[in-house]
Amino acid sequence: QVHLVESGGGLVQPGGSLRLSCAASGMNVSVNTLAWYRQSPGTQRDWVALITSAGDTNYRDFVRGRFTISRDDAKNAVYLEMNNLKPEDTAKYYCMAHISARDKYAWGEGTLVTVSS
């Protein structure tokens, strides 16, 4: 069974940085696509960044240049480095994996990021 566990969220001031982690088990991050999503109260869950099995990355325009997604195959984990955070980045951030061999999706429980002075 696939499990994704996010960590690293918290309260940060505008302009600050946070690094989110997503620890995976039951699957291999190096051969699947992993992504970060976020959801604010009253809004739909929205994808933020993704990394493919080939290591290609893609970002939404609203985080491009500020956020970086990366992967550590040895630790079977994916990360989201967030810099120059803005109040509008406040949301619960979720890790998502597309398990290509089964064409199924797995989600973590999320980690809350609050950007406020």
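The coordinates are above.
Given the structure is predicted, the values throughout are model-derived calculations rather than measurements.

Applying the stated criterion across every chain yields a total of six salt bridges. A salt bridge links aspartate 46 to arginine 60; the nearest nitrogen and oxygen atoms lie 2.6 Å apart. Residue aspartate 46 is located in strand β5 (residues 46-51), and its partner arginine 60 is located in the loop between β6 (57-59) and β7 (67-72); the two are separated by 14 residues in the primary sequence. Take aspartate 46: its relative accessible area is 28%, and that puts it in the partly exposed class.

A separate point is the sheet that holds strand β8 (residues 77-82). The sheet built from four strands is open, its strands ordered β1-β3-β8-β7 with antiparallel pairing. Since the sheet does not close on itself, it has two edges, and those belong to β1 (3-7) and β7, each with one partner. This sheet shows a mean twist of 15° between the axes of neighbouring strands, independent of strand direction. The pairing of strand β3 (residues 18-25) with β8 spans six bridges and is classified as antiparallel. Bridged to arginine 19 within β8 is glutamate 81.

In β1, alternate side chains face the same way, and those of Leu4 and Glu6 are buried while those of His3, Val5 and Ser7 on the opposite face are not. Both β1 and β3 contribute to a ladder of five bridges, which runs antiparallel. When the bridges of β3 are listed, valine 5 appears paired with alanine 23.

The next point concerns the state of the cysteines. Following the criterion strictly, the structure yields one disulfide and no others. Bridging cysteine 22 to cysteine 95, the disulfide has an S-S length of 2.1 Å. Where cysteine 22 bonds to cysteine 95 through sulfur, the torsion about that S-S bond is close to -80°, and the disulfide is left-handed. Residue cysteine 22 is located in strand β3, and its partner cysteine 95 is located in strand β9 (residues 91-99); the two are separated by 73 residues in the primary sequence.

Positive phi, close to 55°, is recorded for asparagine 76, a residue that is not glycine. Examined against the element boundaries, asparagine 76 turns out to sit in the loop between β7 and β8. Phi angles above zero are rare outside glycine, and aspartate 103 is one such case at about 50°. Within the secondary structure layout, aspartate 103 lies in the loop between β9 and β10 (104-107).

Procedures and definitions
- Residues numbered from 1 in each chain as written.
- Predicted model: local features only at pLDDT ≥ 70, side-chain atom pairs only at ≥ 80, totals over all residues.
- Heavy atoms only, no water.
- Salt bridge = Lys/Arg side-chain N within 4 Å of Asp/Glu carboxyl O.
- Helix = DSSP H or I, 4+ residues; strand = E, 2+ residues; numbered from the N terminus.
- Buried < 20%, exposed > 50% of the residue type's maximum accessible area, 1.4 Å probe, protein only.
- Pairing = 2+ DSSP bridges.
- Axes fitted to C-alpha atoms, helices over the stretch in contact; angles between N-to-C directions.
- Disulfide = S-S within 2.5 Å.

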